[in-house]
Amino acid sequence: MKIQIVRDVLEANDQLAGDIRNVAKKEGFTLVNIMSSPGSGKTTFLERLIPELTKKGLRIAVIEGDITTTTDAERIAQMNIPVAQINTEPFGGDCHLGAEVILPALHKFDLSKLDLIFIENVGNLVCPAEFDTGANFNFVVISTTEGEDKPLKYPLMFRVCDTAIINKIDLIRYLDMDISLLEKNIKQINSDIRLVKCSAKTGENLEEAVNLIVSLVNSR
Ligand SMILES: Nc1nc2c(ncn2[C@@H]2O[C@H](COP(=O)(O)OP(=O)(O)O)[C@@H](O)[C@H]2O)c(=O)[nH]1
Ligand SMILES: [Mg+2]
């Protein structure tokens, strides 16, 4: 019985995720879901990326997911782009965003005026990977301070993502970490995943992420 309930929840979510992809196709926007553990640099990455993507002519909005607080949404709103905040605390403090909360958040925007919508998912390497948000592309941000073994410990996250952003490369020189081992572990879980190494803090190699996102939007 319990298993049946879980299956029903996931099936309902998958159906709504399909509806979201239909809305994206009809309205002509691309939806990119960004996931990571807390503190990997999702918001900093968006703060750096969005001005560059705007310069390339993309009209952008962000859906911010957190259990509580609007701090990230406030950081994003400073860039004068549309932001929708989802707090999961009123409905049980969910550790992920499901398609049922993404769909109404999308309708807060004037979708005809947008090319690209980012979701900053709740910081967590487990639950967000289990729920399809309806995104066209899934990114995981993994920072150098998290250790080389996380892809092996949290494989589903790396399996469902098409791109892994290895962030905080500016810190490597201070850390006892082997970045090639981290890359090897990510590829062991998902040999097709794209890897982009950058620093959202210093801006090092962010151009590669910018160009990648522009090409993903243009590919649709
Ligand atoms: N050194 C360094 N710090 C970073 C980098 N990216 C983010 N941070 C810092 O990491 C902390 C968490 O970043 P934040 O963007 O809030 O992470 P989030 O929880 O994934 O959204 C903040 O103190 C950021 O300044 C980076 O590339 N290098
Ligand atoms: Mg954040």
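Shown above is the structure to which this text applies.
How each quantity is defined
- Numbers given to residues run from 1 along each chain, matching the order in which its sequence is written.
- Whichever chain is written first becomes A and whichever ligand is written first becomes 1, with later ones labelled in order.
- Where totals are concerned, whole chains, interfaces and linings use all residues; where local detail is concerned, this predicted model gives features only for residues with pLDDT of at least 70, and gives and counts side-chain atom pairs only at 80 or more.
- Helical segments are the DSSP runs of H or I of at least four residues, strand segments are the runs of E of at least two, and each set is numbered from the N terminus.
- In this description the radius of gyration comes from C-alpha coordinates, and the expected globular size is given by 2.2 Å times residues to the power 0.38.
- Comment: burial labels come from other C-beta atoms within 10 Å of the residue's own C-beta, placed from the backbone, where a count of 20 or more is buried, 12 or fewer is exposed, and between is partly exposed.
- We call two residues in contact if the C-beta atoms placed from their backbones are at most 7 Å apart.
- Nearness between a residue and a molecule or strand is assessed with a C-beta atom placed from the backbone; a distance within 6 Å qualifies.
- In this classification, the charged set is Asp, Glu, Lys and Arg, the nonpolar set is Ala, Val, Leu, Ile, Met, Phe, Trp, Tyr, Cys and Pro, and all remaining amino acids, among them Gly, are polar.
- Here a nonpolar core is just a set of buried residues of the types Ala, Val, Leu, Ile, Met, Phe, Trp, Tyr and Cys, joined wherever their C-beta atoms sit within 7 Å.

Student: When you look at the overall build of the protein in this model, what are you seeing that I'm missing?
Tutor: Across its full length, the protein holds 9 helices and 7 strands. Over its C-alpha trace the protein gives a radius of gyration of 17 Å, about what one expects of a compact globule, namely 17 Å for 220 residues. Expressed as lengths along the three principal axes of its C-alpha atoms, the size of the protein is roughly 50 × 45 × 35 Å. Counting all 220 residues of the protein, 40% fall into the buried class. Partitioning the contacts of the protein with sequence separation of at least 6, the portion at a separation of at least 24 is 75%.

Student: Teacher, can you tell me more about the site of ligand 1 here?
Tutor: Around ligand 1, 16 residues are found, and the nearest of them are Gly41, Lys42, Thr43, Thr44 and Lys201. It is helix α2 (residues 42-55) that provides the largest number of residues to the shell around ligand 1, a total of 3 residues. Grouping the constituent residues of the shell around ligand 1 by class yields 3 nonpolar, 9 polar and 4 charged.

Student: What's the story with the nonpolar core in this structure? I'm lost.
Tutor: Across soluble globular proteins, nonpolar side chains show a tendency to be buried alongside one another. Of all hydrophobic cores here, the largest spans 55 residues; its most connected members are Leu116, Ile117, Val140, Ala164 and Ile165. For this core, the element with the most residues is α2, which contributes 5 residues. Ignoring anything within four residues of it in the chain, the contact list for Leu116 reads Phe29, Thr30, Val32, Leu53, Leu58, Ile60 and Val217.

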